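Tertiary structure, described
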Amino acid sequence: AAKAAGRDQVVSYDTQLRTRHLAQARMVDRLRDALEHDQLSVFYQPVVDLASDRWVTVEALARWETEEWSVSPDQFIPAAEDSGLIVSLGTFVLRQACRDAVVWHREHGTRLAVNVSVHQLREPDFANTIRSALTDSGLPPRALSLEITESVLVGAGTQRAQVIAHLTELREAGVLVAIDDFGTGFSSLAYLQTLPIDTIKIDRAFVPYGEAYDRRQFALVRAIVQLARGLRLGTVVEGVETPQQARILRLLGCDLGQGYYYSKPVPAAEISASLEFA
Ligand code: C2E
Ligand code: MG
Ligand code: MG
Ligand code: MG
């Protein structure tokens, strides 16, 4: 009986895996379809100067939703990464965001941040894709910041040289580069001396949380900020949800913050309205 039960377990585990695999394959099919039929959209979340509350940047975030349902980026971005669809998804977001942001930048000086996947960075024509999105929209290179996750930068493997070449070329043209989700990638800090970057985005795992603030957390944030200053890098902290957090993070020396306290990600029209009436 024990043997039979064991085998049942194996079978059901196998079935589970296969179900997940099928679900993922179906998700990829539907995502490809959605991309072809313009069913994805771009929302924007402000990045705010903690001292003045001024919106200095907006981050473009991919959305896949209708009135009836939505799929979270935490689900469809990994599916897009695994299937390679992230390259066309990324180009869609980039081009749409540059078109939306050009007026915000012209009238309010607001910059645009766009997330970039390592798959995009490995494409030989990545720098061209960025340049033509800028030229076609009229957004100046200085107004664009590319967000790349730490793990991706460190783990770029054999194409590391290519990735660095792209980033270096774009930075020489004026585009800014930020490390996203900093501090969660289990990586050596040595890369900070060599990578062409301008900003560190401190992951929201470091934001002091709850009633009793933890002095160890303060120490970590302060240390990251000092590290960034020493390297002449700007800091953004993610996941600011309360005015208390905003105040503490400002006291700890962070320049900029992003989070639900300031605004959740919203459609372009809401950004336009907020900038207009700010
Ligand atoms: P990210 O680039 O680190 O973006 C920040 C995420 O944190 C967003 O989740 C945002 O909605 C969420 N967030 C912002 N403020 C708060 C807060 O105060 N509290 C909490 N709990 N969360 C907050 P979202 O939009 O679900 O995106 C998740 C991730 O998916 C992004 O993380 C990014 O890595 C990826 N992603 C989204 N759009 C794109 C894209 O166009 N291209 C690529 N390559 N990745 C994307
Ligand atoms: Mg980001
Ligand atoms: Mg992030
Ligand atoms: Mg994140």
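How each quantity is defined
- Note on numbering: residues in each chain are counted from 1, in written sequence order.
- Going through the entries in the order they are written, you letter the chains from A and number the ligands from 1.
- Side-chain atom pairs in this predicted model are given and counted only at pLDDT of 80 or more, local residue features only at pLDDT of at least 70, and totals for whole chains, interfaces and linings cover all residues.
- No hydrogens and no water enter the side-chain calculation; it runs on all heavy atoms of the structure.
- Three labels apply to residues, based on accessible area from a 1.4 Å probe with only protein chains included: buried if under 20% of the type maximum, exposed if over 50%, partly exposed otherwise in between.
- Helix numbering and strand numbering both begin at the N terminus, where a helix is a DSSP run of H or I of at least 4 residues and a strand a DSSP run of E of at least 2.
- Strand pairing requires that DSSP identify at least two bridges connecting the strands.
- For Na, K and Ca the donor cut-off is 3.2 Å; for every other metal, N, O and S atoms count as donors within 2.8 Å. Water does not enter the count, which can leave sites looking incomplete.
- Throughout this document, a residue counts as near a molecule or strand when at least one of its heavy atoms sits within 4 Å of that molecule or strand.
- Under the rule applied, a polar contact is a pair of N or O atoms within 3.5 Å (in protein, one hydrogen donor and one hydrogen acceptor; residues adjacent in sequence only if both atoms are side-chain atoms).
- Method for areas: the Shrake-Rupley scheme with a 1.4 Å probe, in which residue coverage is limited to the protein chains shown.

In the nomenclature of an unreviewed UniProt entry, the chain corresponds to Diguanylate cyclase/phosphodiesterase from the organism Cryptosporangium japonicum.

**Examining the pairing of strand E2 (residues 55–65)**
The buried fraction of E2 is high, at ten of eleven residues. Looking at chain direction, strand E1 (residues 41–49) and E2 are connected through eight bridges and run antiparallel. Across the sheet, residue Val 48 finds its bridge partner in E2, namely Trp 55. Counting the residues in the hairpin turn of E1 and E2 gives five residues, including Asp 53, whose phi is positive at 65°. Relative to strand E4 (residues 111–115), E2 runs parallel, the two sharing four bridges. The residue of E4 that forms the bridge with Glu 59 is Ala 113. Both E2 and strand E3 (residues 70–71) contribute to a ladder of two bridges, which runs antiparallel.

**Side note on the coordination of the magnesium ion (ligand 3)**
Within the protein, Asp 180 (OD), Asp 181 (OD) and Glu 238 (OE) serve as the donor atoms for the magnesium ion (ligand 3), at 1.7 to 2.3 Å. Spacing between the donor residues of the magnesium ion (ligand 3) along their common chain follows D-D-x56-E. A separation of 3.9 Å is found between the magnesium ion (ligand 3) and the magnesium ion (ligand 2), both of which receive a donor from Asp 180. According to the relative accessible area criterion, Asp 180 is buried, its value standing at 5%.

**What about the site of ligand 1?**
In the vicinity of ligand 1 there are 22 residues, among which Arg 63, Asn 115, Asp 180, Glu 241 and Tyr 260 approach most closely. Here Asn 115 contributes a side-chain N or O atom positioned 2.9 Å from an oxygen atom of ligand 1. Within the contact set of ligand 1, an oxygen atom lies 3.1 Å away from a side-chain nitrogen or oxygen of Glu 238. Relative to its free-state accessible area of 800 Å², ligand 1 is covered by the protein chains to the extent of 86%. Counting only elements with at least two residues in the shell around ligand 1, the list comes to E2, helix H2 (73–83), helix H3 (86–108) and strand E6 (176–182). In terms of residue count, E2 provides more of the shell around ligand 1 than any other element does, four residues in total.

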